[in-house]
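# Fold and geometry: a report
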Amino acid sequence: MDFSCVEECAKCCIEREYYPTIKFGKIGVLVMPDEKKQMESLAEKNGISVTVLPRIGVSEAESEEPQTILAYQMMGRESNGNTCPFLDTESSKRSPHGGYACKIYENRPLACRAYPVIQSTPISLDPKCKFCENCGTPSGNVDSELESLIQIQKKMDTKARYIWRYATGIGESKDKDLIKTGWFLV
Ligand code: SF4
Ligand code: SF4
């Protein structure tokens with residue numbers, strides 16, 4: 001069956017996961033360095049508050065922190081890290097498949113355009129996407145998502161010696177003791 005969003009679903013704009021482990025806190029929507037300013041200015045235009053944290057950094061020499069940030073992440077608006085700040089859960093507007101609408105759909109980040117494709121060779125989809133949960137791997141209709149993922153991979157390609165991951169410090173209150181904040185070498 002070809003991929004299409006499940007009726008009334010907005011799961012990928014709401015649910016955020018710990019990645020790669022609880023220690024790193026819940027992640028936000030991946031935002032490329034060239035998208036960061038645009039997200040911040042779209043938030044301002046829409047009267048929305050957004051928190052954009054670093055996600056991945058790199059450095060060539062040993063240091064306390066990375067020298068260059070390869071990717072950022074836009075955090076959820078709930079204290080537990082869930083729900084994208086651009087998801088319109090208040091109005092009666094709905095997306096074409098009936099889920100909550102994205103307030104910046106035409107300008108959404110590459111990561112949102114790529115989802116649910118999470119790997120390009122071989123193509124793999126996020127099993128947590130509602131379509132995949134219900135119907136398994138789709139037989140097609142993911143070309144534009146794949147193209148967006150490949151763009152992300154090109155932007156994040158690096159030969160840097162040291163790779164850093166930022167721990168967001170955000171998650172469920174029951175997990176607070178396990179969640180760290182700041183840069184960690186990976
Ligand atoms: S991509 Fe998947 S999880 Fe996201 S809205 Fe569509 S069906 Fe739901
Ligand atoms: S920017 Fe839009 S598409 Fe992306 S997670 Fe937020 S609401 Fe969903």
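Positions within a chain are numbered from 1, following the residues in the order the chain's sequence is written. As a convention, the first chain written is A and the first ligand written is 1, with the rest following in written order. Local features are withheld for residues below a pLDDT of 70 in this predicted model, meaning they are given only at 70 or higher, and side-chain atom pairs are given and counted only at 80 or more; totals for whole chains, interfaces and linings count all residues.

Bringing the site of ligand 1 into the picture now. Around ligand 1, the neighbouring residues are Cys5, Val6, Cys9, Ala10, Lys11, Cys12, Gly99, Tyr115, Pro116, Cys129, Lys130 and Phe131. For the shell around ligand 1, the secondary-structure elements that each account for two or more residues are α1 (11–14) and α4 (130–135). In the scheme used here, Gly and all other residues not listed as nonpolar or charged are polar, with Ala, Val, Leu, Ile, Met, Phe, Trp, Tyr, Cys and Pro taken as nonpolar and Asp, Glu, Lys and Arg as charged. Taken together, the residues that form the shell around ligand 1 break down as nine nonpolar, one polar and two charged. Each residue receives a C-beta atom placed from its backbone. It is near a molecule or strand if this atom lies within 6 Å of it. Here a strand is any run of E in DSSP of at least two residues, a helix any run of H or I of at least four, and the numbering for each starts at the N terminus.

Moving on, we get to the environment of Ile123. Relative to the elements of secondary structure, Ile123 occurs in strand β7 (residues 123–125). Separated by 110 residues in sequence, Ile123 and Cys13 have C-alpha atoms that sit 22 Å apart. C-beta atoms are placed from the backbone for every residue, and two residues are taken to be in contact when these atoms lie within 7 Å. Apart from the residues within four sequence positions on either side, Ile123 is in contact with Val117 and Leu146.

In this section: the site of ligand 2. Close contacts around ligand 2 come from Cys13, Val29, Cys84, Phe86, Leu87, Cys102, Ile104, Arg108 and Cys112, and that covers them all. By residue class, the composition of the shell around ligand 2 is eight nonpolar, no polar and one charged.

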